[in-house]
Amino acid sequence: MTRTFRMATRAAVCMLFLWLLAACATEPRLLLPTSPEGRSCIAACDAVLARCSFDETSRAESIARSCDNSGAVQTCVDRAVDDRTVQACEAKQSMGACQGSVPNTADCREHRLMCALQCGAKMLDP
């Protein structure tokens, strides 16, 4: 397989997962339009939601990667000459999640809801 194909496949799988995850979030239930135009419009909303969720997750993963300093800490430990230096290196380890490293797809879901309503969907829940 080519690298581009593998990346596209991975992206598609991630977007599907994110779309399913977003569908599980607490949102009002909708009565979707049944006309071909309405279904096509909703499909476009779903595609935008999937892309938005994928972008948000990628952004959060990028922040998490930039906060992970375990490689630098390990290099420091490897070069340490005594236990005191090792402890100083380990004290520099980032702990916990970095701010912004958890995806927040609330805006994506809100945009999808507004899009679906513009397509003719009706809210079933208040």
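Here the structure is shown first, and the text comes after it.
**Observations concerning the side chain of Thr-105**
Line of reasoning, step 1. Locating Thr-105 in the fold gives a position in the loop between helix H4 (83-91) and helix H5 (106-118).
Line of reasoning, step 2. Engagement of the side chain of Thr-105 in a polar contact is seen with the side chain of Arg-109, the distance being 2.7 Å.
Line of reasoning, step 3. Other than its neighbours up to four places away in sequence, Thr-105 contacts Ser-53 and Glu-56.

**Topic: the environment of Arg-79**
Line of reasoning, step 1. Inspection of the secondary structure puts Arg-79 in helix H3 (residues 70-79).
Line of reasoning, step 2. Taking C-alpha positions, Arg-79 is 9.7 Å from Cys-89, a pair spaced 10 residues apart along the chain.

**A short note on the state of the cysteines**
Line of reasoning, step 1. For the coordinates displayed, the defined rule picks out four disulfides.
Line of reasoning, step 2. The disulfide partner of Cys-41 is Cys-119, and the gap between their sulfur atoms is 1.8 Å. The chirality of the disulfide connecting Cys-41 with Cys-119 is left-handed, given an S-S dihedral of about -70°. One end of the pair, Cys-41, is in helix H2 (residues 36-67); the other, Cys-119, is in the loop between H5 and strand S2 (122-123), and 78 residues separate them in sequence.

**Considering the nonpolar core**
For soluble globular proteins, nonpolar side chains are generally found buried alongside one another.
Line of reasoning, step 1. Core analysis: the largest hydrophobic core is formed by eight residues, namely Leu-30, Ile-42, Cys-45, Leu-113, Cys-115, Ala-116, Cys-119 and Ala-121.
Line of reasoning, step 2. Taken together, the elements giving at least two residues each to this core come down to H2 and H5.

**A few points about the packing of H3 against H4**
A pair of packed helices is characterised by two quantities: the angle between their axes and the separation of those axes.
Line of reasoning, step 1. Viewed as axis vectors pointing N to C, H3 and H4 meet at an angle of 175°, and their least axial separation amounts to 8 Å. Taken together, the axes of H3 and H4 are roughly antiparallel relative to one another. Residues Val-73, Cys-76 and Val-77 of H3 pack against Val-86, Cys-89 and Glu-90 of H4.
Line of reasoning, step 2. Broken down by class, the residue content of the contact of H3 with H4 amounts to five nonpolar, no polar and one charged.

What counts as what
Residues numbered from 1 in each chain as written. Predicted model: local features only at pLDDT ≥ 70, side-chain atom pairs only at ≥ 80, totals over all residues. Heavy atoms only, no water. Helix = DSSP H or I, 4+ residues; strand = E, 2+ residues; numbered from the N terminus. Polar contact = N/O pair within 3.5 Å; in protein donor to acceptor, adjacent residues only side chain to side chain. Contact = heavy atoms within 4.5 Å. Disulfide = S-S within 2.5 Å. Core = buried A, V, L, I, M, F, W, Y, C linked by side-chain atoms within 4.5 Å. Buried < 20%, exposed > 50% of the residue type's maximum accessible area, 1.4 Å probe, protein only. Axes fitted to C-alpha atoms, helices over the stretch in contact; angles between N-to-C directions. Parallel < 35°, antiparallel > 145°, perpendicular 65-115°, else oblique. Nonpolar A, V, L, I, M, F, W, Y, C, P; charged D, E, K, R; others polar.

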